[in-house]
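Analysis of the macromolecular model
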Amino acid sequence: MSSASGALPQPRRGRPGPWPPAPPPQPQAQPLSWAKRTGFQSRVSGESLPSASAPNSGQVPLPRPVEAPADLESGPPPARPNSVLPPPPAAAAVAGNGERRQPPPPPPQPRTRRRESDGGRPNGQAATPPLPQLQEEEEAPERPAHVKYELRDTPGIFPLVIYGFQHYISMVGSIILIPLVMVPAMGGSAEDTAAVVSTVLLVTGMNTLLHMFIGTRLPLVQGPSFVYLAPALTIINSPEFFGLNDNNFKHIMKHLQGAIIIGGTFQVILGYTGLMSLFLRLINPVVVSPTVAAVGLSFFSYGFAKLGTCIEMGILQLLMVVIFALVPLGLGITWAIAFVLTATGVYSYKGCDANIPASNNVSAFCRKHVLRMKSCRVDTSHALRSSPWFRFPYPLQWGTPVFSWKMGLVMCVVSVIASVDSVSSYHASSLFVATRPPTSGVVSRGIGVEGVSTVLAGLWGTGVGSSTITENVHTIAVTKMGSRRAVGFGAILLLLLSIVGKVGAFIASIPDVLVAALLCFMWAMLCALGLSNLRYSATGSSRNSIIVGLALFSSLSVPSYFQQYDVHPSANSSVPTYFQPYIVASRGPVHTGSGGVNYVLNTLLSLNMVIAFLVALILDNTVPGGRQERGLYVWSESEAAKRESAFMKDYELPFKMGRAFRWVKCVGL
């Protein structure tokens, strides 16, 4: 009895611990919890039983001092000369019934799995065991609750088809709506729009497969990016294109192709030379968030201004998309209603033709209603009847690209913005598909491949560069499909649809007002996705709030000054009001001795995303703030990642292609 009582802690000054003290009614429960944590086995049968009830144990333990609970909760007490040490693990304890019982093994340490690199937090800031400790673990990690199929999973044929198709359906707005805005702005016909849409489908499928094989290998769709839309519209409205009357679509497209190829080449250099690895040190959620949000906010002058040309159908389309949260379904319902209204003559005005421009109409009545007819009716486009069933988009289909250094320099800066947007998508998607964040080498490799994709987009003539579609991350979270095989299946489907000319013509026949309503939803979601990057940082930080607020305000205020500079109500009457902000290159406030310098500076300083990026980048890297407060992206270490087989299977190039590119630093891990 004396030996057992010696095991109980003597009254002494309590030591504060992280846990609250036990309640007074159950003083015997605490020694048992301490004993379980430390492996202590008492020789007294009453203390070895799981029950803390003294009357049923057969042995009444000594009363415990009042100060003891706080001390026991702070951890095991230090050894004292008069205390009885617990027996070694190999020794056997004798239970109250006389049987020998082996002491339980010490509590197992929690195994750190390969998908806990972020420490259970999205920004990976909690301290975790380093990667080398995981090199011998070959078993599959525990599947997170937020994903059904992980990166290397192979779903069955039915899930592959369903999820692959659903993945692209949810992003159809990002893939097809950009040509519906750009081609009419270039003076192209409905047939030209159908051809560009088919080209976009081909290039999107081709670039997605390219990124899956030699890029980051994450399930990310590479398609036309809204980042390139605003600078493309600025180039379209350049002063040298004013007054074109014949073949203006192909003439402008060739200049766009040249600028896109230059910007893509710069992005290739940024990725494959290792410059992107250095640039990653300056990029974090506080920089990415206002930059991406400014991309969506930059088109506020186009959205409702265009939607208002047929206000009832535009509002209905917007409501349908919000209610059903799916672009194709909302579009189908509204399109059917517009078809019925057109067939019943609601949008018919006697003696007026929607295909005749308002400026060519003699009748004042027709001039008043021709814009409404063109926006509301579903039969104004004849592309579906005139387009061929099969048409294969080919490189240089619009002619030889025209290279201009001033337009190319604008696209080089924009390619940096696109890279920043893609970096955030790499980090977020890696967490959604339950793998470790990529290394800086994998990120650089992905940016290099995106540059190659942009060059291909310029050669084929999509009108904009190619980049990771930001909505892709949201789609992965909603569908819970992280398998890259499903995304690859969808890419192959796009390749097949691209050669069917009627598909592009069908998309080109969407009424303008429905396109504007869909874009209002897409740009709003893009803005929300940009701001959601703040969840990786300390969202309650006043430092971060001030930086993001200043960046967003500056991104709206500074470009507004450039876009409205020297604008007169009667000037540029031939340009629609929603395209007025993009003619700044011809009348901006910057006036130097070089016309090219004026063009570049006036254009760049009128782009909302450029201003947001510059303000956020400078402030975040100069205003003091801790790593946790800033939410710095944590990338996997290259040398440690190479010793983990699971990481190698996720990101290593297939068919041992990495061996052929060992001389390129950033192609490997």
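Cut-offs used in this document
- Counting from 1, residues in each chain are numbered in the order their sequence is written.
- In keeping with the predicted nature of the model, local features appear solely for residues at pLDDT of at least 70, side-chain atom pairs appear and are counted solely at 80 or more, and the whole-chain, interface and lining totals rest on all residues.
- Side-chain numbers come from the whole structure's heavy atoms, not from hydrogens or water.
- What counts as a helix is a DSSP run of H or I of at least four residues, what counts as a strand is a run of E of at least two, and both are numbered from the N terminus.
- Summary of the burial criterion: residues with accessible area below 20% of their type's maximum are buried, those above 50% are exposed, and those between are partly exposed, where the area comes from a 1.4 Å probe applied to protein chains only.
- To be clear on the numbers: accessible area is Shrake-Rupley with a 1.4 Å probe, and residue cover counts the displayed protein chains and nothing else.
- Between the rings of Phe, Tyr and Trp (Trp by its six-membered ring), a pair exists once the centres lie within 6.5 Å; its type follows the angle of the planes, with under 30 degrees stacked, over 60 edge-to-face, and the other angles tilted.
- Whether a charge sits over a ring depends on NZ of Lys or CZ of Arg being within 6 Å of the ring centre and within 35 degrees of the ring normal.
- Residue contacts are defined here by distance: any two heavy atoms, one from each residue, within 4.5 Å place the two residues in contact.
- In the analysis that follows, any N or O atom pair within 3.5 Å is treated as a polar contact, provided that within protein one partner can donate a hydrogen and the other can accept it, and provided that, for residues neighboring in sequence, both atoms belong to side chains.
- Here a cavity denotes a set of grid points, spaced 1 Å apart and computed over the protein atoms alone, in which a 1.4 Å probe fits but from which it cannot get out, and a pocket denotes an open set meeting protein on both sides within 12 Å along at least five of seven lines; residues with an atom within 4 Å of a point are reported as lining.
- Grid points are joined across faces, edges and corners, and a volume is the space filled by probe spheres set on the points.
- Gly is placed with the polar residues, together with every amino acid not listed as nonpolar (Ala, Val, Leu, Ile, Met, Phe, Trp, Tyr, Cys and Pro) or charged (Asp, Glu, Lys and Arg).
- The term salt bridge refers to a side-chain nitrogen of Lys or Arg lying within 4 Å of a carboxyl oxygen of Asp or Glu.

Here we take up the overall build of the chain. Within the chain, the regular secondary structure consists of 28 helices and 4 strands. Relative to its full complement of 669 residues, the chain shows a buried share of 52%. On the chain, roughly 29900 Å² of surface is accessible, and the fraction owed to carbon and sulfur atoms is 64%.

With that settled, consider the packing of aromatic side chains. Following the criterion strictly, the structure yields 11 aromatic pairs and no others. Ring geometry for Tyr 633 versus Trp 635: centroids 5.8 Å apart, planes at 50°, classification tilted. Here a set of aromatic residues connected by ring pairs shows up, and it is made of Phe 226, Phe 299, Tyr 302 and Trp 523. A cation over a ring is seen here: Lys 406 above Tyr 599, with NZ or CZ 4.6 Å from the ring centre.

What follows concerns the environment of Thr 592. Within the fold, Thr 592 resides in the loop between helix 23 (542–563) and helix 24 (595–604). Once residues within four sequence positions are removed from consideration, Thr 592 is found in contact with Val 597 and Asn 598. In this structure the side chain of Thr 592 is engaged in a polar contact, spanning 3.2 Å, whose partner is the backbone oxygen of Ser 594. Looking at Thr 592, its side chain comes within polar contact range of the side chain of Asn 598, at 2.6 Å.

Our next topic: empty space enclosed by the protein. Here the idea is plain: a probe the size of a water molecule rolls over the atoms and shows the empty space left. Per the stated rule, a full pass over the model turns up 8 cavities of 30 Å³ or more. If you add up the space inside the largest cavity, you get close to 90 Å³. As for the largest cavity, its lining consists of 13 residues, and the residues nearest its centre are Ser 225, Phe 226, Asp 421, Thr 470 and Glu 471. Within the lining of the largest cavity, the residues separate by chemical class into 7 nonpolar, 4 polar and 2 charged.

Here we come to the pattern of salt bridges. This model, assessed by the stated rule, comprises 6 salt bridges. Residue Arg 152 is joined to Asp 650 by a salt bridge in which the shortest nitrogen-to-oxygen separation is 2.6 Å. Pair noted here: Arg 152 is in the loop between strand 2 (100–101) and helix 5 (157–169) and Asp 650 is in helix 28 (residues 645–651), with a separation of 498 residues, a long-range link. Here Asp 650 falls in the buried class, since its relative accessible area comes to 1%. The shortest N-O distance in the salt bridge between Arg 543 and Asp 620 comes to 3.1 Å.

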